[in-house]
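Residue strings, one per chain:
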Amino acid sequence: MRRVAILISGRGSNMTALIDAAAADSFPAEIALVISNRPDAPGLATAKAAGVATLVIESKPFGPDRAGFETVLQAALDEHHIELICLGGFMRLFTAEFVRRWYGRMLNIHPSLLPSFPGLDPHGQALRAGVKISGATVHFVIPETDAGPIVMQGAVPVADDDTPDTLAARVLAIEHKIYPQALRLLATDGVRIEGDVCRTSAGGAPCDDLISPTLI
Ligand code: GAR
């Protein structure tokens, strides 16, 4: 049973999906701790209600001192014997040193089919680019933002009348499906990083073509 910390800054719906999945006896990881860098993150109450230990480590007082924040963060992770980290809408960048220390043991989820549309406003970026399919990506964290070996992706169609909000809602449903599965793969040693690429023990999808717009 691998001990996992989830780092959040806000709503924490991906955190909830991970907590729910980990509640099953057969799940190979335990959500041992939820840490928020913001005291007002709504996800904190959700985690508490689910019986998960929570911690607030405010990043604001550290200002640009990322290493100072990470010293406190690392001490908390050590104290709780955390082996794996899942970022769930954690809106704070790490130093390269912290990322290197957790390389291969820290996952992030981003609401686009990376390497397309990293960074802010991914849904606006997708709509402006006119893509017909978007999705979500679970990847290992590297110093570059929203990049790193890809563990799992899920795709959704983009509709002509989508707004960033309607597309975000469709992608979020996929996020909640793939994040627990990606964590399961990592926790069962079903992933292998080869250079910039992650290989997994899971097979590809059984040819469920997603074509958008629909063929007529
Ligand atoms: C999610 O859509 C996640 O993919 C995104 O923030 C949202 C957090 O929602 N993350 C990023 O954009 C990372 N660059 P949640 O708090 O409900 O999980």
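Anything mentioned here points back to the structure above.
The structure presented is a predicted model; accordingly, all values stated were derived computationally and were not measured.

**Side note on the sheet that holds strand 7 (residues 150-157)**
Thought 1: Taken in spatial order, the 7 strands line up as 3-2-1-4-5-6-7 in an open sheet, and their pairing is mixed. A single partner strand is all that each edge strand has here, and the edge strands are strand 3 (54-56) and strand 7. Between one strand axis and the next, the sheet turns by 20° as a mean value, whatever way the strands run.
Thought 2: With 3 bridges connecting them, strand 2 (residues 29-36) and strand 3 associate as parallel partners. What sits directly across from Val34, in strand 3, is Thr54.
Thought 3: The strands touched by helix 3 (residues 66-79) within the sheet are strand 1 (2-8), strand 2, strand 3 and strand 4 (84-88), with strand 2 carrying the most contacts at an inclination of about 150°.
Thought 4: Each of strand 1, strand 2, strand 4, strand 5 (106-110), strand 6 (133-140) and strand 7 is contacted by helix 6 (residues 164-187), which is oriented at about 155° to strand 7, the strand it contacts most.

**Observations regarding the site of the ligand**
Thought 1: Around the ligand sit Arg11, Gly12, Ser13, Asn14, Gly88, Gly89, Ile109, His110, Pro111, Asp146, Leu172 and Glu175, and that is every residue in its neighbourhood.
Thought 2: Asp146 is positioned such that a nitrogen or oxygen atom in its side chain is 2.9 Å from a nitrogen atom of the ligand.
Thought 3: The fraction of the free accessible surface of the ligand (450 Å²) that becomes covered by protein chains is 86%.
Thought 4: Its atoms largely coinciding with the cavity grid, the ligand occupies the largest pocket.
Thought 5: Going through the elements one at a time, helix 1 (13-22), strand 5 and helix 6 are the ones with two or more residues in the shell around the ligand.

What counts, and where the lines are drawn
Residues numbered from 1 in each chain as written. Predicted model: local features only at pLDDT ≥ 70, side-chain atom pairs only at ≥ 80, totals over all residues. Heavy atoms only, no water. Pairing = 2+ DSSP bridges. Helix = DSSP H or I, 4+ residues; strand = E, 2+ residues; numbered from the N terminus. Axes fitted to C-alpha atoms, helices over the stretch in contact; angles between N-to-C directions. Contact = heavy atoms within 4.5 Å. Near = heavy atom within 4 Å. Polar contact = N/O pair within 3.5 Å; in protein donor to acceptor, adjacent residues only side chain to side chain. Areas by Shrake-Rupley, 256 points an atom, 1.4 Å probe, with all protein chains shown as cover. 1 Å grid on protein atoms, 1.4 Å probe; cavity = no way out; pocket = protein on both sides within 12 Å on 5 of 7 lines; lining within 4 Å. Sits in = over half its atoms within 2 Å of the grid points.

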